[in-house]
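Each chain, letter by letter, is given below.
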Amino acid sequence: MRSRPPGAERAAEPAAEPAAEPVAERVARPAARGCHGDAAGDVPGDGRPVVALVGSPNVGKSSLFNAVTGARRTVGNWAGTSVEVGTGSWRTGDRELAVVDLPGAYSLDPLSPDERLTRDLLVRDTEAEASAGAGTGARTGTGAGHLDLVVVVVSAADLARTLYLAVQVLEHPLPVVLAVTMGDVATRRGIHLDAEALSEELGVPVVPVDPRRGRTGELASVVLQVLDAGQPPRPAPVPGPSPEAPCGDADLAAADRRFTRIAAAVGAATHRSGGSRTGWSDRVDQVATHPVAGPVVFLAVMWVVFQLTTRVAAPVQGFLDGLVSGPVSSGARWVFGALGLGGGAVEGLVVDGLVAGVGMVLTFVPLMTIMFSLLAVLEDSGYLARAAVVTDRLMRAVGLPGKAFLPLIVGFGCNVPAVSATRVLPDARQRLLTVLLVPFTSCSARLTVYVLVASTFFGRHAGDVVFGMYVLSIVMVILTGLLLRSTLLRRLGTEDLVLDLPRYQLPLPRLLVAVTWTRLSAFLRTAGGIIVASVVVIWALSTVQVGGDRSEPVRNSAYGTIAAAASPLFAPAGFGDWHATGALMVGFVAKEAVVASWAQTYATSEPADLRRPGGLGDSLRADFERSSGGHVVPAVLAFLVFLLGYTPCVATLAAQRREIGTRWTLVGIGLQFVLAWTLAVAVFQIGRLIT
Amino acid sequence: MTLASAPCNVPLILGRAALPAPRRLRLAELGLRPGATVTVLRRTAGGGRIVGIGDARVAIGQGVLTAVPATPVQ
């Protein structure tokens, strides 16, 4: 049911459009610049009424967004999931509304960039409007680009806390409807809500909903009624300082008055009949957050995530890779042959460029699907918040909250889903730092090169060398984090942990599928094109002959020529050879292809067992001997260090660009290259002195 | 006594936190405001505590715990 019909009077439209930038345009901007690309679509300034959804973290706001729009915005049972602005269309009857899903916020007093965005979109817009003459009271109509109505989502199970934001929003001149979620949870705890009484207390319609199960009750009809008929003026707001003023005692006094009002409203609208939260959620927490058992559980969960994202996906990836490079490529070549175009540049472009590029994108699909599904399970179940508690102190050393541990762990499997997994972080700057650190985690693709090189040069100590690379990877993450915090990201917050823990719940398969599909399709849309284009470019470079001896087609291709031209750059690190440089160039596209590249440039076969490199090993030994002036061991170690630290693969770059934009991605590329080169040179030069 | 030194499973009344105003405000928004009754439920890995405020659970780090005075409910 819903309560309190909206006022019949329709307030006058503003005399003039306010000077403030239209909300829709501001909301659309992040998607336009390529960040956070899974937004469900821009809010078009096409005259549709704009409805904003706001609410505290964990109240089911994003679930409600999905339920009303079908846009499948990211959903998660964890503080700060809605770290982006999602948009979508809400069709109800013959009407269509534009819906904006604002980042979760406890209040309009922001402590993070995401909360600030919510505050700005709500408060500045309405204040500009008020100053333009609209005044307090209803504002209706189809003012494109402005918020026409705000749906504040609160939890019946935690009404007192989640009403704070609602009460603050009510102090601003926008029509408001209150959507109350988690009625079932409240009932189990013995809390009974009288929506009519709550509506009377607050002066706005109150509509119970259950968005996790797709039930939105009378929300649509109430929203339309308020949009059409307007809303009567509300009581005068709680006096307080300007939102722009520094937070101080006046804010706290205003907050106290709001808490008093909330207590009265909750007292009038709810009653308890026994029941308590203490139950299986608390019992699980006794283990999951235990000082000793908690980290053990966490490591076990991370181990499962790591194994599933790498080992389970591997055979499927291998199958897809074999399918594309085998039957699909053969079929395409047959078609070109039948058309009389066999062996030409067009066939090469299509088969070795486009088909190979699409094949590489496809091989990421199982990996990303598993990763996103597991992430959704951890989020929706509520465990991710506990993992954040367990790892908080460790991660705080580099200025990150505990929840940043997850993407970094995943990075040891594959950097691409790890970059996407940074979305679990609510703070934009923490996300930025984590995205920049992820490429330093040594992904499984780099492992193939470690094994080959270490087996070739270090014999029975190969395992120690590979283990050392993983230790170095962790050291690089920590040191780079400290470096960035003291330079580019000095303003990164270091506040102590204060984290709301949602109760555990069983993830709903429908939501998991929706979240996984949203994230996967967004990845394919934004990263797929870049990966395919890069593969095509590398193919083209290796095809174009730049004169010289035709008996060495790879060396005399544009690829070989560029590699040879760039190789002196690595001479101070002891591996200034075009084969090694070319392999690193290929590694920019995919680290998995480094070994194959060596096999191709040395005109030998790729070893079936990387621990027995055979002829390829002999060629590598000869070249490293030559390029290092006899200091082979330090040169090989320098090469491995550079391989670990330099620019990640193009798929990771595409994912990075999607999350942090082009500028910061370029900063990351430069930073990694400089760090990797400096370390490699240091390793070789110091090693040369020792050996 | 502060939340850091308070015993577990004992109802406590909170005092005014010795924190910057924005942090105090955030604590208040989460239900941790002067006069509120809370219970420290358990220690966590890393030296923090999980605090119960009614049905809600909030994980709090060591730095904040030591800044929030608390007295047992008589």
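Nothing here was measured: the structure is a model prediction, and the numbers come from that model.

Trainee: Just checking my understanding: could you explain the overall build of chain A for this structure?
Mentor: On a plain count of helices and strands, chain A comes out with 24 helices and nine strands. Burial analysis of chain A (691 residues in total) assigns 57% to the buried set. The contacts of chain A with a sequence gap of at least 6 include a subset with a gap of at least 24, amounting to 76%. Surface summary for chain A: the accessible area is close to 26300 Å², and the carbon and sulfur share equals 63%.

Trainee: Please explain the interface of chain B and chain A as it appears in this structure.
Mentor: One frequently used descriptor of interface size is the decrease in accessible area upon assembly of the parts. With 30 residues of chain B at the contact, the number on the chain A side is 38 residues. Summed over both sides, the interface of chain B with chain A buries roughly 3000 Å², with 59% coming from carbon and sulfur. Counting the surface chain B buries against chain A, the share from its top three residues, Glu29(B), Asp55(B) and Arg57(B), is 23%. For the pair chain B and chain A, the interface holds three salt bridges. Taken together, the connections running from chain B to chain A amount to seven residue pairs in polar contact (both at pLDDT 80 or more). Broken down by element, the residue count for the side of chain B that touches chain A peaks at nine residues, all from helix 1 (residues 21-29) of chain B. Residue composition of the side of chain B that touches chain A, by class: 13 nonpolar, seven polar and ten charged. Strand direction decides the pairing type here: strand 9 (residues 498-501) of chain A and strand 4 (residues 56-60) of chain B, joined by four bridges, are antiparallel. Bridge assignment links Val498(A) to a residue of strand 4 of chain B, and that residue is Ile60(B).

Trainee: Could you clarify how one ought to interpret the pattern of salt bridges in this entry?
Mentor: Pairing is possible between side chains of opposite charge, provided their charged atoms come close. Residue and element names in this part refer to chain A. Scanning the model with the defined rule gives 22 salt bridges over all chains in all. In this structure, arginine 396 engages aspartate 392 in a salt bridge whose closest nitrogen and oxygen atoms are separated by 2.5 Å. Highlighted residues: arginine 396 and aspartate 392, both in helix 12 (residues 383-396), separated by four residues, approximately one helical turn. Members of the salt-bridge network, linked through shared partners, are Asp184, Asp210, Arg213 and Arg215.

Trainee: Help me out: how do you make sense of the sheet that holds strand 2 (residues 37-43) of chain B in this one?
Mentor: Paired through their backbone hydrogen bonds, the strands of a sheet run either parallel or antiparallel. Read from one edge to the other, the open sheet built from six strands follows the order 9(A)-4(B)-3(B)-2(B)-1(B)-5(B), with strand pairing classed as antiparallel. In this open sheet, the two edge strands, each paired with only one partner strand, are strand 9 of chain A together with strand 5 (70-72) of chain B. Across the sheet, the mean angle separating the axes of adjacent strands is 35 degrees when strand polarity is ignored.

Trainee: Can you walk me through the nonpolar core in this structure?
Mentor: Nonpolar side chains tend to gather and get buried jointly when the protein is soluble and globular. All names here are of chain A. Residues Phe575, Trp598 and Phe624 are the most contacted members of the largest nonpolar core, which totals 99 residues. Here this core gets ten residues from one element, more than from any other, and that element is helix 24 (residues 650-690). Looking at this core, you find at least three residues from each of domain 2 (294-444 + 463-492 + 511-522) and domain 3 (531-690). Once residues within four sequence positions are removed from consideration, tryptophan 598 is found in contact with Val449, Leu452, Val453, His579, Ala580, Ala583, Leu616, Leu620 and Phe639.

Trainee: Sorry if this is basic, but what is going on with the packing of helix 15 (residues 428-437) of chain A against helix 17 (residues 462-485) of chain A here?
Mentor: Residues and elements named next belong to chain A. Running from N to C, helix 15 and helix 17 point in directions that differ by 140 degrees, and their axes come no closer than 10 Å. Here helix 17 runs oblique to helix 15, going by the angle between their axes. In the packing of helix 15 onto helix 17, the handedness of the crossing is right-handed. Listed contacts from helix 17 to Leu433, Leu436 and Leu437 of helix 15 are Val477, Thr480, Gly481, Leu484 and Arg485.

Trainee: For this particular structure, what's the right way to read the packing of helix 15 of chain A against helix 24 of chain A?
Mentor: Helix-helix packing is described using two parameters, namely the angle between the two axes and the distance between the axes. Residues and elements named next belong to chain A. Direction vectors running N to C along helix 15 and helix 24 enclose 70 degrees, while the axes themselves pass 10 Å from each other. The orientation of helix 15 with respect to helix 24, classified from their angle, is roughly perpendicular. Where helix 15 crosses over helix 24, the handedness of that crossing is right-handed. Residues Leu432, Val435 and Leu436 of helix 15 form the contact with helix 24, whose participating residues are Gln656, Glu659, Ile660, Trp664 and Gly668.

Trainee: Any chance you could explain unusual backbone geometry here in plain terms?
Mentor: Only a minority of non-glycine residues have a phi that is not negative, and only a minority of peptide bonds are not trans. All names here are of chain A. Despite not being glycine, asparagine 58 has its phi angle at roughly 75 degrees, a positive value. When its relative accessible area of 15% is taken as the criterion, asparagine 58 is described as buried. A positive phi is found at methionine 182, a non-glycine position, where the angle reads about 55 degrees. Mapped onto the secondary structure, methionine 182 falls in the loop between strand 5 (176-181) and helix 5 (183-188). Using a relative accessible area of 21% as the deciding quantity, one classes methionine 182 as partly exposed.

Trainee: Looking at this model, I keep getting lost on the side chain of Asp285(A). Mind explaining?
Mentor: With respect to the helices, strands and loops of the structure, Asp285(A) is situated in helix 9 (residues 280-288). Since its relative accessible area comes to 0%, Asp285(A) is described here as buried. Non-local contacts of Asp285(A), meaning those with residues more than four positions away in its chain, are made with His290(A), Arg386(A), Leu501(A), Tyr504(A) and Arg42(B).

Trainee: Just to check I follow, could you spell out the sheet that holds strand 7 (residues 206-208) of chain A for this structure?
Mentor: All names here are of chain A. Read from one edge of the open sheet, six strands run 2-3-1-4-5-7, paired in mixed fashion. Bordering the open sheet on either side are strand 2 (86-92) and strand 7, each of which pairs with just one other strand. Along the sheet, successive strands turn relative to each other by an average axial angle of 30 degrees, direction set aside. Of the strand pairs in this sheet, strand 5 and strand 7 are connected by three bridges, and their pairing is parallel. Its bridge partner being in strand 7, alanine 179 is matched across the sheet by valine 207. Here helix 2 (residues 61-69) sits on the sheet and contacts strand 1 (50-55), strand 2, strand 3 (95-101), strand 4 (149-155) and strand 5; the angle it forms with strand 2, its principal contact strand, is near 45 degrees. Along the sheet, helix 4 (residues 159-170) makes contact with strand 1, strand 4 and strand 5, crossing strand 4 at roughly 165 degrees.

Definitions and limits used
- Residues numbered from 1 in each chain as written.
- Chains lettered and ligands numbered in written order.
- Predicted model: local features only at pLDDT ≥ 70, side-chain atom pairs only at ≥ 80, totals over all residues.
- Heavy atoms only, no water.
- Helix = DSSP H or I, 4+ residues; strand = E, 2+ residues; numbered from the N terminus.
- Buried < 20%, exposed > 50% of the residue type's maximum accessible area, 1.4 Å probe, protein only.
- Contact = heavy atoms within 4.5 Å.
- Areas by Shrake-Rupley, 256 points an atom, 1.4 Å probe, with all protein chains shown as cover.
- Buried area = accessible area lost by both parts, 1.4 Å probe.
- Salt bridge = Lys/Arg side-chain N within 4 Å of Asp/Glu carboxyl O.
- Polar contact = N/O pair within 3.5 Å; in protein donor to acceptor, adjacent residues only side chain to side chain.
- Nonpolar A, V, L, I, M, F, W, Y, C, P; charged D, E, K, R; others polar.
- Pairing = 2+ DSSP bridges.
- Axes fitted to C-alpha atoms, helices over the stretch in contact; angles between N-to-C directions.
- Core = buried A, V, L, I, M, F, W, Y, C linked by side-chain atoms within 4.5 Å.
- Domains from an automatic or database assignment.
- Parallel < 35°, antiparallel > 145°, perpendicular 65-115°, else oblique.
- Left-handed = near helix turned anticlockwise from the far one by under 90°.

Keep in mind these numbers describe shape, not what the thing actually does.
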